[in-house]
Amino acid sequence: MGQKLKIAGWISVGVFAGALTTVSLQTVARSGMTPLPLEEIQQLSAVFGLIKTDYVDTVDDRKLITDAISGMVSSLDPHSQYFDKKTFKEFREGTSGRFVGVGIEITQEDGLIRIVSPIEGSPADRAGLKTNDLITKIDDTAVKGLSLNDAVKRMRGEPNTKVTLTILRKDESRTFPVTITREEIKTQSVKAKMIEPGYAWVRLSQFQERTVDDFVRKVDELYKQDPHIKGMVLDLRNDPGGLLDAAVAISSAFLPENVTVVTTNGQLPESKSTFRATPEDYARRGSDPLRSLPAALKKLPLVVLVNEGSASASEIVAGALQDHKRATIMGAQTFGKGSVQTVRPLGPDTGIKLTTARYYTPSGNSIQAKGIVPDVMVDETEEGDLFASLRPREADLEKHLSSGQGAEIKDVAREKAREEAMKRLEAESKDKDKVKKPQRLPEFGSEKDFQLNQALNQLKGQKVMVSQTKTERPEAKKED
């Protein structure tokens, strides 16, 4: 059991776009490995020599070798990856919940960066930055034209260094600079509040090292506000995943003790595991982090909200609660990332992230390239989905793994919805006679959050506005 716990604590279950973490499973030498293909190795050496002697410019030896490693690993599937020193550091930051920066959650809007919210107590919060402020410049660099990732990199840096943000605050019709000193930021992956008397909302934005402790603290606070909670909404929309032990712990908070949460299967003996709702499978430091939770939580009426952006660890939680009939799953079919990645260090500051297993729900269904199908399909808005069909999913990624459970079928309905959404986008962009703001979904957890309101109706036994267009999504056809 001790070996399995070590594995659980460090396996990464994040989506392709998410920055997630692990440390390696112990490297296992297998006597059954096939001999190296000498002819192909000789070809690799020959190509290396030709590039060194014949290429128009001098190429660094280390670059050639690391690029070869990177290409070899990335050719396997969308989630296997080689990490150099820089990317390894960024990867580790992803689920630690810590990074050095100014402390803001951001999104992109009309080519600028919009502040979704400053992180409480962060340098940005203390500097007076507000939700919906627009960042137009980072130091002397105009934001227009920068990708979101580039903007993030420019705002991050070393502790105690300064960055100047130029802010456009529309409601005050003014632009002004703010100089902020970077410091270590501890992100908040859990939000919670009482939506109305008797009904609680808990949102998980990622499964990080601190997520379980933050979840317990927030739920305890909710029960102090209202000891007689009638129902809860667990919001996993757009949660890209994170750590396996965190997913097992969150599932265990609602499930009976010792039931199966998720199983894995791969080549290595360590990859063939069953993780249950027991502290032995999720507690990192020996003591049970869930011990202070009220017993009522185990039987509290529960709705889990998911969408196309809910992936991996989110899908593990949704699948476990659905299979054990512990919650009603509502929203849209999830992303479908049901593969396990393990990081194996290649040195003190480099490594590879390698896909080592697939995930299965307690009933034995593969999550990979399929996802979790909600019990109740609900659109994003009362008018339907805006552009949900354009969002990528696991089965859209090149070289994605199959589910391993039968042939995949082409999703004709989804392809048609994509074509219609693209036509709608093109028509809106060409309509010069109308000054039209881009459609944007209301903030999760707000009064205008349509899916959340439907989840509340479900908890209260009231009528739910079920989607008239969504159907179960078949696995997309995979070309071998």
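Residues numbered from 1 in each chain as written. Predicted model: local features only at pLDDT ≥ 70, side-chain atom pairs only at ≥ 80, totals over all residues. Heavy atoms only, no water.

Visitor: How should I be thinking about the confidence of the model for the protein chain in this particular structure?
Guide: Detailed reading of the predicted model is not advised wherever pLDDT is low. The share of residues in the protein chain with pLDDT of 70 or more is 81%, and the mean pLDDT across the chain is 84. Throughout residues 5-31 the model reports pLDDT below 50, and contacts reaching past four residues in sequence, or to other chains, amount to 98 contacts. Throughout residues 432-438 the model reports pLDDT below 50, and contacts reaching past four residues in sequence, or to other chains, amount to 2 contacts. (pLDDT = per-residue confidence, 0-100. Contact = heavy atoms within 4.5 Å.)

Visitor: Help me out: how do you make sense of helix α10 (residues 313-323) in this one?
Guide: Helical geometry note: an α-helix holds 3.6 residues per turn, so side chains three or four residues apart project in the same direction. Counting buried residues in α10 gives 10 out of 11 residues, a clear majority hidden from the surface. Among the residues making up α10, those that are buried are Ala 313, Ser 314, Glu 315, Ile 316, Val 317, Ala 318, Gly 319, Ala 320, Leu 321 and Gln 322. Close packing links the buried residues of α10 with β12 (231-235), α8 (244-254), β13 (260-265), β15 (302-306), β16 (328-331) and β18 (351-360). Following α10 by one or two positions, Lys 325 has its phi on the positive side, about 55 degrees. (Buried < 20%, exposed > 50% of the residue type's maximum accessible area, 1.4 Å probe, protein only. Helix = DSSP H or I, 4+ residues; strand = E, 2+ residues; numbered from the N terminus.)

Visitor: What should I look at first to understand the packing of aromatic side chains in this one?
Guide: Given two aromatic rings, one states the distance between the centres and the angle between the planes to describe the pair. A full pass over the atoms with the stated rule returns 2 aromatic pairs. For the pair Phe 83 and Phe 88, a centre-to-centre distance of 5.6 Å together with 10 degrees between the ring planes defines the contact as stacked. Between Phe 215 and Phe 254 the ring centres are 6.0 Å apart and the planes differ by 65 degrees, which places this aromatic pair in the edge-to-face class. Placement of the pair is Phe 215 in helix α7 (residues 211-225) and Phe 254 in helix α8, with a sequence separation of 39 residues. Over the face of the ring belonging to Phe 176 we find Arg 174, whose NZ or CZ atom lies 4.1 Å from the ring centre. Over the face of the ring belonging to Phe 444 we find Arg 237, whose NZ or CZ atom lies 4.0 Å from the ring centre. (Phe/Tyr/Trp six-rings, centres within 6.5 Å; stacked < 30°, edge-to-face > 60°. Lys NZ or Arg CZ within 6 Å of the ring centre and 35° of its normal.)

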